[in-house]
Each structure stands twice: as C-alpha cells, then as structure tokens.
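Secondary and tertiary structure notes
So you can see what is in the structure, the chains are spelled out below.
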Amino acid sequence: MSVKQILIHPDPLLKKQCAAVDTVSPEVQTLARDMLDTMYDAPGVGLAAPQVGVLSRIFVMDCTAKEEEPEPLVLINPQVVWTSEETSVYNEGCLSLPEMYEDVERPAKAVMQFLDIDGAQQEREFDGLWATCAQHELDHLNGKLFIDYLSGLKRSMITKKMMKLKKERARA
Ligand code: GNR
Ligand code: NI
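Presented here is a report on the structure given in the accompanying data block.

This part is about the site of ligand 1. Among the 13 residues in the neighbourhood of ligand 1, the closest are listed as V45, Q51, L95, E137 and H140. A distance of 2.8 Å separates an oxygen atom of ligand 1 from a polar atom in the backbone of L95. The side chain of H140 places a nitrogen or oxygen atom 2.9 Å from an oxygen atom of ligand 1. About the coverage of ligand 1: the protein hides 91% of its 380 Å² of free accessible area. Taking a 2 Å distance to the grid points as the criterion, the majority of the atoms of ligand 1 fall inside the largest pocket. Elements with a minimum of two residues in the shell around ligand 1: β4 (87–94) and α2 (128–141). The residue makeup of the shell around ligand 1, split by class, is four nonpolar, seven polar and two charged.

Shown next, in the form of structure tokens:
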C-alpha cells in the first residue's frame, strides 16, 4: 500500500503527452496498484499516471457507488474505438484541481481497448460516470485537463486560485 502525492495544476508534467507502455512489467503493476491506493485514499473515481508525476499511458478508475462492491480498473495504453453521437454533461472535478467543479460535455458512451494489469487485451463499453471519467483520464494522458474545455476567462480564474492554493500549501 503506497499513497503517492498528487500534482496540482499548474504543473508542467500535467501538460505533457504520455508515452505508451511497452511491457506490463512488475514495476508497471506496482505503479498501477499504488495509483489505485492513491485514488481510493484521495478519494477520487479516477487517477492518471501524470497526476503522480509518471508520464506513461496508464490510468485507474472505479466509479461504483459507495454501497456497491468496488470494481478497480487499470487501463494501460487505452484507445477509444467508438464514441456515441449522444453527449452528456457532467459537473466534473479533478484531483489536480481541488474543489473546482465545472460542467463539461462529452460523448455519453465510449468503447475503449486497453491492456489490463495482467497485460491482457480488453475491450469495454462505458456509460454514465464511467464514460465521463474514462474520457477525462484519457485526456490526462494527452496533457489535457477539463479546464481546457472552459472559456479562457474561467480557466485563468481557476489557474490563479490553484497558484494561490499551492503557495498556501508550500507555506504550511
Ligand atoms: O474523482 C474524480 N471525479 C470526477 C468527477 C467527474 C468527472 C471526472 C472525475 S475524475 C476525478 C479524479 C481525477 O482527477 N482523475 O483524473
Ligand atoms: Ni483529473
């Protein structure tokens, strides 16, 4: 069990394109487990590797409700193979933008292919919060945050708040 520190925007590592994983090695498996620990500890419904400072195409998620059985998912080298025409709007949050929530419109459903933690090829269709979260996480692997969908004014207001938060945390 290892909880890692989550990077807060603005951070240059959150803007980078992440590299594909070439083998699901024991090190990759350990990272994925640490990311799940970090996500559940936060708590959050998803977490992407760049949020813990690793520029690899890996994310984890679990969008089950509190009363449901947990369903930890590890997605390595995820690729979108289909998205619905139908969209949905979700009031998104991000562990790298604490306490900031804004509506973002995305395809309501998405099918992704990925490698699981055992290196096996998987394909899953996501809907509801799972679809929103999977697309939010995939954006992280491409250096994109949900604030990039907002107006420049909203984005700069949020960035200023985050710079202030980071300064306060550094002093504490
Ligand atoms: O915990 C999270 N909640 C969330 C809510 C709506 C849409 C996306 C998310 S993902 C977020 C965790 C996070 O920052 N993942 O990158
Ligand atoms: Ni996020």
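A sheet is described by the order of its strands in space; here five strands give the open sequence β1-β2-β3-β6-β7, paired in antiparallel fashion. Either end of the sheet is taken by a strand with one partner, and the two such strands are β1 (46–48) and β7 (121–127). Each neighbouring strand pair of the sheet contributes to a mean axis angle of 40°, computed without reference to strand direction. Contacts between α2 and the sheet are confined to β1, β2 (58–61), β3 (73–83), β6 (109–115) and β7, with β2 contributing the most and set at about 155° to the helix.

Calculation rules
- Residues numbered from 1 in each chain as written.
- Chains lettered and ligands numbered in written order.
- Predicted model: local features only at pLDDT ≥ 70, side-chain atom pairs only at ≥ 80, totals over all residues.
- Heavy atoms only, no water.
- Near = heavy atom within 4 Å.
- Polar contact = N/O pair within 3.5 Å; in protein donor to acceptor, adjacent residues only side chain to side chain.
- Areas by Shrake-Rupley, 256 points an atom, 1.4 Å probe, with all protein chains shown as cover.
- 1 Å grid on protein atoms, 1.4 Å probe; cavity = no way out; pocket = protein on both sides within 12 Å on 5 of 7 lines; lining within 4 Å.
- Sits in = over half its atoms within 2 Å of the grid points.
- Helix = DSSP H or I, 4+ residues; strand = E, 2+ residues; numbered from the N terminus.
- Nonpolar A, V, L, I, M, F, W, Y, C, P; charged D, E, K, R; others polar.
- Pairing = 2+ DSSP bridges.
- Axes fitted to C-alpha atoms, helices over the stretch in contact; angles between N-to-C directions.
- Contact = heavy atoms within 4.5 Å.

By themselves, these figures tell us nothing about what the structure is for.
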